[in-house]
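Listed below are the residues making up each chain.
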Amino acid sequence: MNRLLVSLFLAAPLIPVSTTGMAQSQFDGRWTVTTIPEKGGCRRKHHYAVVVENGVARNASGRTRANVTGGLEPSGRVRVSLQRRGAQVDVTGNLAGQSGSGHWTIAGRIDCSGRWTAAKWR
């Protein structure tokens, strides 16, 4: 079950997250994202490396296999939905300065939810 969580979160940052990417350049750089499960079948926290370039986020590994909508707004608001392997993940939250946080929910083959935190590398 944790493999599904990992693959879904790895896919999330791989899409262009806005049509106004230049407006988000304040978020450009390397980020570490940590997901912490709180309810349901997901048990372990995971760490992901994300790169933001010109306001567009991608997984540092460059892999994706999910249908993704939403993204990073110029204000730093994060709203992403992913669908893969019969599951849907909804991610919400905010980035501000050098950090961010929010919540995530997975529904489908497994049901679980939790929170995430992000820190920009200096």
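Residues numbered from 1 in each chain as written. Predicted model: local features only at pLDDT ≥ 70, side-chain atom pairs only at ≥ 80, totals over all residues. Heavy atoms only, no water.

A. Local environment of the side chain of S113. Tracing the sequence through the fold places S113 in strand 8 (residues 112-120). Using a relative accessible area of 19% as the deciding quantity, one classes S113 as buried. Excluding its chain neighbours within four sequence positions, the residues that come into contact with S113 are P37, E38, K39, W104 and T105. (Helix = DSSP H or I, 4+ residues; strand = E, 2+ residues; numbered from the N terminus. Buried < 20%, exposed > 50% of the residue type's maximum accessible area, 1.4 Å probe, protein only. Contact = heavy atoms within 4.5 Å.)

B. The state of the cysteines, seen in detail. By the definition in use, this model includes 1 disulfide. Across the disulfide, C42 is cross-linked to C112 (sulfur-sulfur distance 2.0 Å). With a gap of 70 residues between them, C42 in the loop between strand 1 (29-40) and strand 2 (46-53) and C112 in strand 8 connect regions that are remote in the sequence. For C42, a relative accessible area of 3% puts it in the buried group. Judged by its relative accessible area of 4%, C112 is buried. (Disulfide = S-S within 2.5 Å.)

C. Local environment of the pattern of salt bridges. Applying the stated criterion across every chain yields a total of 1 salt bridge. In this structure, E38 engages R115 in a salt bridge whose closest nitrogen and oxygen atoms are separated by 2.9 Å. Residue E38 is found in strand 1, and its partner R115 is found in strand 8; the two are separated by 77 residues along the sequence. (Salt bridge = Lys/Arg side-chain N within 4 Å of Asp/Glu carboxyl O.)

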